[in-house]
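# Results of the structural survey
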Protein chains: 2
Amino acid sequence: MAGNGLVSFFFVLVPVGAILAIVFAGYFYKKISCFSEGTEKMKEIAGAIRIGARAYLRRQYQGVAIFFAIMFVILLVLALAGGGSLASLFVPLAFLTGGFCSGLAGFIGMTTATMANSRTANAARESLDDGLRVAFQSGAVMGLIVVGLGLLALSGWYFIMAALGKSLPDISTVFLNFGMGASAMALFARVGGGIFTKAADVGADLVGKVEAGIPEDDPRNPAVIADNVGDNVGDVAGMGADLYESYVGAIVAAAILGISAFSGGLEIRGFLLPFLLAAFGILASIIGAFFVRVKEDEDQSALLKALRRGVNVAAIIMVIASYFGVRLLLGAENIKVFVAIVGGLLAGVIIGRLSEYYTSAEYKPTKQVAETAVTGPATVIIDGLAVGMLSTVFPVVVVAAVIFISYYYTGGGNFQLGLYGIAISAVGMLSTLGITLATDAYGPVADNAGGIAEMSGLPAEVRRRTDALDALGNTTAATGKGFAIGSAALTALALIATYTQQVQSIDPFFQFNLSITNPQVLIGLLIGGMLPFVFCSLTMQAVGRAAQKIVVEVRRQFREIAGLMEGKAKPDYARSVDICAQAAQAEMIAPALIAIIVPVLVGLLLGVNGVTGLLAGSTVVGFMMAVMMANAGGSWDNAKKYIEEGNLGGKGSDAHKAAVVGDTVGDPFKDTSGPSLNILIKLTSMVSLVFAAFILANSLANFL
Amino acid sequence: MAGNGLVSFFFVLVPVGAILAIVFAGYFYKKISCFSEGTEKMKEIAGAIRIGARAYLRRQYQGVAIFFAIMFVILLVLALAGGGSLASLFVPLAFLTGGFCSGLAGFIGMTTATMANSRTANAARESLDDGLRVAFQSGAVMGLIVVGLGLLALSGWYFIMAALGKSLPDISTVFLNFGMGASAMALFARVGGGIFTKAADVGADLVGKVEAGIPEDDPRNPAVIADNVGDNVGDVAGMGADLYESYVGAIVAAAILGISAFSGGLEIRGFLLPFLLAAFGILASIIGAFFVRVKEDEDQSALLKALRRGVNVAAIIMVIASYFGVRLLLGAENIKVFVAIVGGLLAGVIIGRLSEYYTSAEYKPTKQVAETAVTGPATVIIDGLAVGMLSTVFPVVVVAAVIFISYYYTGGGNFQLGLYGIAISAVGMLSTLGITLATDAYGPVADNAGGIAEMSGLPAEVRRRTDALDALGNTTAATGKGFAIGSAALTALALIATYTQQVQSIDPFFQFNLSITNPQVLIGLLIGGMLPFVFCSLTMQAVGRAAQKIVVEVRRQFREIAGLMEGKAKPDYARSVDICAQAAQAEMIAPALIAIIVPVLVGLLLGVNGVTGLLAGSTVVGFMMAVMMANAGGSWDNAKKYIEEGNLGGKGSDAHKAAVVGDTVGDPFKDTSGPSLNILIKLTSMVSLVFAAFILANSLANFL
């Protein structure tokens, strides 16, 4: 084990890594902007999408600003009222910056994506490799900005607080409030974006494709721009905010648990390790990103291989770097921590691949779902649900295995070290987020590029290339979703451990009774288990209501705008976007409030024991439901595409119609409700963490 | 508080109550048999249903016999090998009798139901009251046999063991093995019956109604008898076995917890109270049964009032009796136990009514589901799922409230007494099962009566009456399902408490660590939460496969039997029944094995802490999923019926077609997978309880 000089050096390395991420994000951004936007028509369409996405974000940030203002005041009052860990003016500030950084990451990611879409389409006119490079670099900007801003903000707060002479527990409190800000912002981004994207999708499909009989991505469709905007606000900004939150949450949880996992001067090193891993991960991701390239006119599997190569290179670098990192920082006697990191990294890959297995038409489950389409929509629904439910088995086993290994092997019987092991495995899983998120955020850019190629009438040759890029995006979307769920679950579990730690550090005399035979815990478990059901119910119905509004609007435009169908007049794209945005804004309030209020309410009634039960219940059930919904939805989607490729009767057959029903049910499953659960389980933990001192002082459970 | 003479007197009262239940069941059976079976045609059809039901039961019992033989040998080996609480030859015997009594109750209930169906139809030719009386009395036979046989067997075992000088813990072990036997039998009855009934239903509908275009219950349909048999094996035998298990489980759990909840000689009284409550409940149910009657040609609401009057009278008697029972047995200082009983009784009523609210077309949720049918099958599915998910809220709140009151008010800070309070509230809920099950088992008899009236061409006037009886059956089915789920959840929770008690009594030095931050518990929670998803997936797909087989057979008969469509030749009903029975048998094995093996496996790997986590996880998730599936299924069913009544376009409209899709998805939800979850959560607890000693001695967790 090295001396304290090295510790200081490592501390400096963290912001350097963060800045490097931002620098390379800028570099990739610059490289994309050098590509041409293409024809006038392409510019026009891309412009409309860009304006729409901006309009949505503006509206979202306006709504969110009110929420943040209210929360700021609440936290300020608590800070001024004093008592407990909230008694610091840095607390409300940290909360604000968390929300701001998450929002900024989303803004930059989306700006890049809406700039890269037409450039990807235009680059595909040159070659497949060019198209891939632009789309992937756009994803890399998002990935690197998320990790860069996350790490920069956290280390910035650290240095400020340390300079002011604050203790590690005080710094932890600031981190947690930063995390809650990021988490709250993520909820709005995920839920709002999820509602927007599916409402626009349904509106465009139902009226345009089904009623008016025009093809997908036809410029005459008044909702076509909204649909393309939706890909960006849902799959880019939403996914980015989700993983930003996981990233920050996992690092913060591990850092806090690190303080109590070690003793004899190692505390600061335990605290530092997750930051160091994140910095290593950034370097690994940047290097990996340069391995993503294909030769001209290779097939789709070569594209997939190219992306995987980048991810794998980053992972291998990460494994090696973290081995030495752990050795140098914690010493050879704590090398077992390294196993938890590798366990997390591996688990992320496995869970992602499992999602691919259950949702790709190349494998049995989705093929089977497609076959049940022959006997009608009801059997498609039943079989898709059955596939989704069964697909929970292996992700649960993988997460259970990670917990087991991290706790028992890494912890070796030491409770605190075991919990640290679990949290550090979450950090390990997320360490290479810079590149895993890049492969994921690549998808919607490719999707948009396809849309722009179609709308601007590019030649079939180019369409073929953008289609190949888009198809690859569907595969990476599945793995990305699995990864997002797995990392959310592991982060949430780490946050639960952090919660008990935090309570203990606020009140060292508090006697936990977390036994599941304690009725407080049991009732907490029940209510926590119920939350994901309520959350899904609300978000699914929200999509329905929002879709209804856009359907009415699209019908109106077809009816009232003369010459629209003949292509002589232009539809009012902006109005469709605005209606989707408005609906999404209105609908995201109720689910968001539930996620924030219920943990506080349960705490006031049942105390911190009840809250811990609530967190465990919502994490367990939320994890299962998220896996189920993502995989059922993905399976329905690809079963439909499989039939459209000419199998089982092909497009227009009864089987196809049945598969479309499955796909429509799957839309809110996989793109709204399912992903929102990732945030739910983390946000409830974050809220509980922040309000722990308040609950300890004011809960009715103190009188039980 | 009275002396020990009264305790002895109460002990005698229990078997007397049990015998009284059986005597009155015999009395009602006799009364039904005095009614005429009706015309030759009616006799013939009823005969076919009876033969089919018997054939199914024979096949089921044959399959189950093998399972019981294997389990008997395993338990015998464990008993001979000695060690722990299993070291008694009574253990395997108790297991066998549990299975036997459950099977016997199912057999008697179904024999009665298949005897009463044609008699109900024929009595409806006289008057509505006559029809109601026959159908209800058939239900009462089932209800009273279930409680009678349950209580008789338990008190029989008690007297035998007490006569042999065995201690209360030894008696408890015998009780638990009896419970596991009943539980295992129930699983086969519920899962097998659930698969049979839905496969037959789908087969009859899909080929008969949709493909051949003949009406429901048309005698030309080769699956029509199987369909009617299905109502009996699923809704009578399956539901009966389910509640038999809850009844036995709740009593056993409360009795065992009663031993440790009290001290100073009160132990035996705490042990006795649940039995006494059950005996009181039987008397209350018998009296209540005589209040179920209507005047001629009152409307449907009068029928419902008549049934509710019976249930309410029984409940009021029960409240009064239990007040004095608690006072006399446990003394005025323990009168708070009475509150737990009333809480349980009330909760049963409320959860039942909540199910009615969410599934009846008279209320907003189902009306809304019907309205979404206008925009197609996908929106119906989404909205039905959303309603089902949202409907978990209040049942969770009710169960949470019962736990809270029973533990904190009744327990008053004493942990053991608090757990006893929870278990005794489950007993309270189930105490009047004699009559609540009667109103529930009435439904399928009325349904069958309607079918027989249709098939035998009875006049419209009679059809109108049987339709009224049937419609009422749908309402009571909804409340019955809610009640079954609520009681299963509360019983399962009581069994978890019993489990920890049992482990402690086997090894008083064992140190539990049931904290949810203990990874064993956490992994247990995850695996337990996953079980209901796997279970639902398997049972839903099983229905699909079984339905596929019967569809093929019905098509074959229509094709190969000349003159079938013209009514000149008779279909081969027996073969359809046999195919459904065979398929149900084959398909029930995998889910059953999972429910039995997983708890043992988790125990071997993660020890009793892991098992307790598993039980909590499966109970919480199973409860939610059961509520969700029952209510979504019921809502789809009634939304379809609502449209068929002429709303939103009526029969044959696109909305109707969409609603049919919802209904078809809902069938396995509400009649197969959902109800099976009730058994899953109890059986896993029972298996864990029985194998507790084995796990304590052999778990790998001992080395962690």
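This is a predicted model, so every value here is computed, not measured.

Analysis parameters
- Within any chain, residue numbers begin from 1 and follow the written order of that chain's sequence.
- For naming, the first written chain is A and the first written ligand is 1, with later ones following in the order written.
- In keeping with the model being predicted, local features are shown solely for residues with a pLDDT of at least 70 and side-chain atom pairs are shown and tallied solely at 80 or more, while totals for entire chains, interfaces and linings include all residues.
- Side-chain metrics in this entry use all non-hydrogen atoms of the structure; hydrogen atoms and water are not considered.
- Put simply, DSSP H or I for four residues or longer makes a helix, DSSP E for two residues or longer makes a strand, and each gets a number counted from the N terminus.
- Our radius of gyration looks at C-alpha atoms and nothing else; its globule reference is 2.2 Å times the residue count to the power 0.38.
- What makes two residues a contact is simply this: any of their non-hydrogen atoms within 4.5 Å.
- The least-squares superposition of copies is restricted to C-alpha atoms, and to residues with a pLDDT of at least 70 in both copies.
- The score called pLDDT rates the predictor's confidence residue by residue, from a low of 0 to a high of 100.
- By this rule the span expected of a helix is its residue count minus one, scaled by 1.5 Å.
- Values of bend correspond, residue by residue, to the angle between axes fitted over the seven residues ending at that residue and the seven starting there.
- Per-residue accessibility, obtained with a 1.4 Å probe over protein chains only, is compared with the maximum for each type, and a residue is labelled buried under 20%, exposed over 50%, and partly exposed between these values.
- Take the accessible area each of two parts loses on contact, using a 1.4 Å probe, and add the two losses: that sum is the buried area.
- Within this document, salt bridges are pairs made up of a side-chain nitrogen of Lys or Arg and a carboxyl oxygen of Asp or Glu, the two lying within 4 Å of each other.
- Contacts described as polar in this section are N or O atom pairs within 3.5 Å, which, within protein, must combine one atom able to donate a hydrogen with one able to accept it, while residues neighboring in sequence count only if both atoms come from side chains.
- Only Asp, Glu, Lys and Arg are considered charged, only Ala, Val, Leu, Ile, Met, Phe, Trp, Tyr, Cys and Pro nonpolar, and every remaining residue, Gly among them, polar.
- Pairs were defined over the aromatic rings of Phe, Tyr and Trp, the Trp ring being its six-membered one, requiring ring centres within 6.5 Å. Orientation was assigned from the angle between planes: stacked under 30 degrees, edge-to-face over 60, tilted for the rest.
- Should the NZ of a Lys or the CZ of an Arg lie within 6 Å of a ring centre and within 35 degrees of the ring normal, that charge is described as sitting over the ring.
- Note on patches: the residues involved have over 30% relative accessible area and no salt bridge, like charges join within 9 Å, and the nonpolar side chains Val, Leu, Ile, Met, Phe, Trp and Tyr join within 5 Å.
- In short, Shrake-Rupley with a 1.4 Å probe defines the accessible areas, and a residue's cover is counted only from the protein chains shown.
- Helix axes are fitted to C-alpha atoms over the stretch in contact, other axes to C-alpha atoms as well, and angles between N-to-C directions run from 0 to 180 degrees.
- For any pair of crossing helices, the crossing counts as left-handed if the nearer helix is rotated counterclockwise from the farther one by less than a right angle, and right-handed if it is rotated clockwise.
- An angle counts as roughly parallel when it lies under 35 degrees, as roughly antiparallel when it exceeds 145, as roughly perpendicular when it falls between 65 and 115, and as oblique in every other case.

Further remarks concern the overall build of chain A. A tally of regular secondary structure across chain A gives 20 helices and 0 strands. On C-alpha atoms alone, chain A measures out to a radius of gyration of 24 Å, which is about the 27 Å that the 2.2 N^0.38 rule sets for 704 residues. For chain A, the spread of C-alpha atoms along the three principal axes comes to 75 × 55 × 45 Å. Look at the contacts in chain A between residues 6 or more apart in sequence, and 84% of them connect residues 24 or more apart.

We now examine the relation of the copies chain B and chain A. The two copies are related by a screw operation: chain B maps onto chain A through 180 degrees of rotation and 0.0 Å of translation along the axis, at an RMSD of 0.0 Å. On this basis, the relationship between the two copies can be described by a two-fold rotation axis. No C-alpha of chain B lies nearer the rotation axis than that of S515 of chain B, which sits 2.1 Å from it. Taken as a fraction of all interface residues of chain B, those also at the interface in chain A reach 100%, which identifies the copy contact as same-surface.

Attention shifts here to the confidence of the model for chain A. Considering every residue of chain A, the mean pLDDT works out to 92; 98% of them sit at 70 or more. Highest mean pLDDT in chain A belongs to helix α12 (residues 393–410) of chain A (97); lowest belongs to helix α5 (residues 168–212) of chain A (90).

Inspection of the secondary structure assignment puts T111 of chain A in helix α3 (residues 90–126). Sequence-distant contacts of T111 of chain A, defined by excluding residues within four places in its chain, comprise Y29 and R54 of chain A.

The next point concerns α3 of chain A. Residues and elements named next belong to chain A. Taking 1.5 Å per residue as the helical rise, α3 with its 37 residues ought to reach 54 Å, and the 52 Å between its terminal C-alpha atoms agrees with that figure. At A116, α3 shows its strongest bend, of approximately 30 degrees. Counting buried residues in α3 gives 27 out of 37 residues, a clear majority hidden from the surface.

In this complex, chain B contributes 63 residues to the contact, which on the side of chain A involves 63 residues. Roughly 5600 Å² is buried in total at the junction of chain B and chain A, and carbon and sulfur atoms are behind 86% of that figure. Counting the surface chain B buries against chain A, the share from its top three residues, M389, L526 and F533 of chain B, is 13%. Where chain B packs against chain A, one counts 0 salt bridges. Here chain B and chain A share 8 residue pairs in polar contact (both at pLDDT 80 or more) between them. The biggest single contributor to the side of chain B that touches chain A is helix α16 (residues 519–560) of chain B, with 17 residues. When the residues that make up the side of chain B that touches chain A are grouped by side-chain class, the tally is 47 nonpolar, 15 polar and 1 charged.

Here the focus is the packing of aromatic side chains. Taken as a whole and assessed by the stated rule, the structure comprises 60 aromatic pairs over all chains. An angle of 90 degrees between the planes, with centres 5.2 Å apart, marks the rings of F510 of chain B and F512 of chain B as edge-to-face. Across the pair, F512 of chain B and F510 of chain B agree in class, each one buried. These aromatic residues form a ring-pair network of at least three members: F11, Y158, F159, F175, F271 and F275 of chain A. Over the face of the ring belonging to Y409 of chain A we find K336 of chain A, whose NZ or CZ atom lies 4.9 Å from the ring centre.

Residues and elements named next belong to chain A. Note that G240 resides in helix α6 (residues 224–261). Expressed as a C-alpha distance, the spacing of G240 and A441, which sit 201 residues apart in the sequence, is 7.9 Å. In this view, G240 contacts M142, V146 and L437; residues no more than four positions away in its chain are not counted.

On to the pattern of salt bridges. Within this structure, the stated rule accounts for 60 salt bridges over all chains. Note that D654 of chain A and K657 of chain A form a salt bridge whose closest N and O atoms lie 3.9 Å from each other. Separated by 3 residues within a single helix, D654 of chain A and K657 of chain A lie in helix α19 (residues 654–690), roughly one turn from each other. The partner of D667 of chain B in a salt bridge is K198 of chain B, with the nearest N and O atoms 3.4 Å apart. On the criterion of sequence distance, the pair formed by D667 of chain B in helix α19 (residues 654–690) and K198 of chain B in helix α5 (residues 168–212) is long-range, its members being 469 residues apart. For the pair D667 of chain B and K198 of chain B, a shared accessibility class is recorded, and that class is buried.

By the element assignment, Q501 of chain B lies in helix α15 (residues 460–506). Q501 of chain B gets classed as buried once you look at its relative accessible area, which sits at 13%.

What follows concerns a nonpolar patch on the surface. Residues and elements named next belong to chain A. Nonpolar side chains collect at one region of the surface, where Y27, I287, F290 and F291 lie side by side and expose about 350 Å² of accessible area between them. Tracing the chain through its elements places F290 in the loop between α7 (267–289) and α8 (300–330). Looking at F290, the relative accessible area reads 37%, which means it is partly exposed.

Quick look at the packing of α6 of chain A against helix α15 (residues 460–506) of chain A now. Residues and elements named next belong to chain A. Contact geometry for α6 and α15: axes closest at 8 Å, N-to-C directions at 35 degrees. Here the hand of the crossing between α6 and α15 comes out left-handed. Counted together, M239, D242, L243, S246, G249, A250, A253, I256, L257 and S260 of α6 and G480, K481, F483, A484, S487, A488, T491, A494, L495, A497, T498 and Q501 of α15 form the full contact between these two elements.

This brings us to the packing of helix α9 (residues 336–359) of chain B against helix α12 (residues 393–410) of chain B. Residue and element names in this part refer to chain B. Between α9 and α12, the least distance of the axes is 9 Å, while the angle of their chain directions is 180 degrees. Accordingly, the angle class assigned to the pair α9 and α12 is roughly antiparallel. Where α9 abuts α12, its residues K336, V337, V339, A340, G343, A347, I350, I351, L354 and Y358 lie against F394, P395, V398, V399, V402, I405, S406, Y409 and T410. Considered class by class, the residues forming the contact of α9 with α12 number 15 nonpolar, 3 polar and 1 charged.

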